[in-house]
Amino acid sequence: MTAPQGLLTSSELAELVAAETIDTVLVAFTDLYGRLVGKRFDASFFVEQIEKSGTHACDYLLTVDMEMTPVAGYHFSNWERGYGDFHLVPDLSTLRIATWLDRTAMVLCDVQDESAHALVSIAPRSLLRKQIEQAEKLGYAAKAGSELEYFIFENSYRDAAEGGYASLKPAGWYIEDYHTLQGTREESFNGAVRRHLSRSGIPVECTKGEWGLGQHELNVRYADILAMADNQGIYKQCVKEVADAQGISVTFMAKYSHDHAGSSCHIHLSLWKDGKNAFAGDQEFAGIQCSDLFRWFLAGWMAHAAELMVCYAPTVNSYKRYQSGSWAPTRLAWCRDNRTAGFRVVGNGPSLRIECRIPGADCNPYLAYAAALASGLDGIANKTEPPAIFEGDVYTAEELEHVPRTLEEATHNFENSEFAKAAFGAEVVEHYAHFFRTEVDDYHKAVTDWERQRYFERI
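A quick note: this is a predicted structure, and the numbers were derived from the prediction, not measured.

Analysis parameters
- Residues numbered from 1 in each chain as written.
- Predicted model: local features only at pLDDT ≥ 70, side-chain atom pairs only at ≥ 80, totals over all residues.
- Heavy atoms only, no water.
- Patch = residues over 30% accessible without salt bridge, like charges linked within 9 Å, V, L, I, M, F, W, Y side chains within 5 Å.
- Areas by Shrake-Rupley, 256 points an atom, 1.4 Å probe, with all protein chains shown as cover.
- Salt bridge = Lys/Arg side-chain N within 4 Å of Asp/Glu carboxyl O.
- Helix = DSSP H or I, 4+ residues; strand = E, 2+ residues; numbered from the N terminus.
- Buried < 20%, exposed > 50% of the residue type's maximum accessible area, 1.4 Å probe, protein only.
- Disulfide = S-S within 2.5 Å.
- Contact = heavy atoms within 4.5 Å.

Before going further, it helps to spend a moment on a nonpolar patch on the surface. A surface patch of nonpolar side chains, amounting to about 300 Å² of accessible area, comprises Ile-175, Trp-211 and Trp-327. In this structure, Ile-175 sits in the loop between helix 4 (157-162) and helix 5 (180-185). What makes Ile-175 partly exposed here is its relative accessible area of 39%.

Laid out in structure tokens, this is it:
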């Protein structure tokens, strides 16, 4: 298979550096929130040293909050241990031109410890790598795709921040789901993003208007699950930086406003073996031609959704999205091509796959895919059977289990999940539970606009 346009080999990068076409290499990894963090290297220095030996970064980067404040209470890294370094090892399969940046290439890294050079277990990419290894031991490769939504505003990021993120002006002024007219008005941005991604090694399928004012969706092509997680992290970075360059802003918040639609990250997943979709088969199951593997994987994914909810909905804001009639799922059910369900089965034969509609656009893709894969593999190991297929409007099915309603509830489920500890490791669960509890605690201390509007004068 030919590598996508924009991906680079080491020798190709060296040629571009020698020709002075590339003079900077961005070396990055994702923190717990899913943000890209890292360093920019002189390209010649990268080729001579960093490409082979890697680089270092402060290990506090996996313990900070959104404001980059070191948070007490982590065993992995703290003031007592002096906040040392870990090692960043470039994964050269991710080396690419970042066409939206000037004369810049970028590469993603695995995070290793300084002594044994083993993967740091709590790093998001490490979590996904561990689950991929489990699948490979069984002879399977996982493929995935994501549908990521975002809102576009005419305000610049700086103006939005200085205005307290109030009075934002959406790029559209009516719901534009599939509308091409409003899409044309926003094409100067969406088109630029599509072209940059395609030229930077991330093959794009399409963009389309969504069910909100100025809301859009951009889909990249189905890929191996690690490549898809990498692509999603780079995609979000590209979207934000192109918006910043154009003097506008974009948000991937799950629910930026109570009276506007939420933004999702629907994820599609299937297992493959010997070049064929292992979900496909000749068994008849609820009107679907599938294999036992498909049935067991679906059951496992559903069975562990509530206890791994933090991996799909990692912020306080995430849970504002789960409202009836909102296109976001509220209950745990599976259906055939039914957008009211948390799990929607689509495709057939080679394209048969499971779509999970639970994750929001704010999810860290490595965590979301690691949770999905771990759950499905557990279903296979235990030959778990799924509940009966649901027919009708899942929003009205009060007998079905509701998704966790708050980050606090979801964190409690995760922290007390024996399955999570077995799948990820007890130290990983402890680390992330502390991370999510810190987010909840910070929220409880905050005074919100809602409170001021409600109580300032009339209480």
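Note: disulfide means a covalent bond formed between the sulfur atoms of two cysteine side chains. This model, assessed by the stated rule, comprises 0 disulfides. Between Cys-206, a free cysteine, and Cys-265, which holds the nearest cysteine sulfur, the sulfur-to-sulfur gap is 14 Å.

Applying the stated criterion across every chain, the model contains 21 salt bridges. Between Glu-154 and Lys-169 there is a salt bridge, and its shortest N-O distance comes to 3.5 Å. Here Glu-154 is found in the loop between strand 7 (141-153) and helix 4, whereas its partner Lys-169 is found in the loop between helix 4 and helix 5, with 15 residues between them in sequence. In this structure, Glu-210 and Lys-208 form a salt bridge, with 2.8 Å as the shortest nitrogen-oxygen distance.

By the secondary structure assignment, Thr-24 is in strand 1 (residues 24-30). By relative accessible area, which is 17% here, Thr-24 ends up buried. Every residue in contact with Thr-24, bar those within four places of it in the chain, is listed here: Arg-40, Phe-41, Ala-43, Arg-103, Thr-104 and Ala-105.

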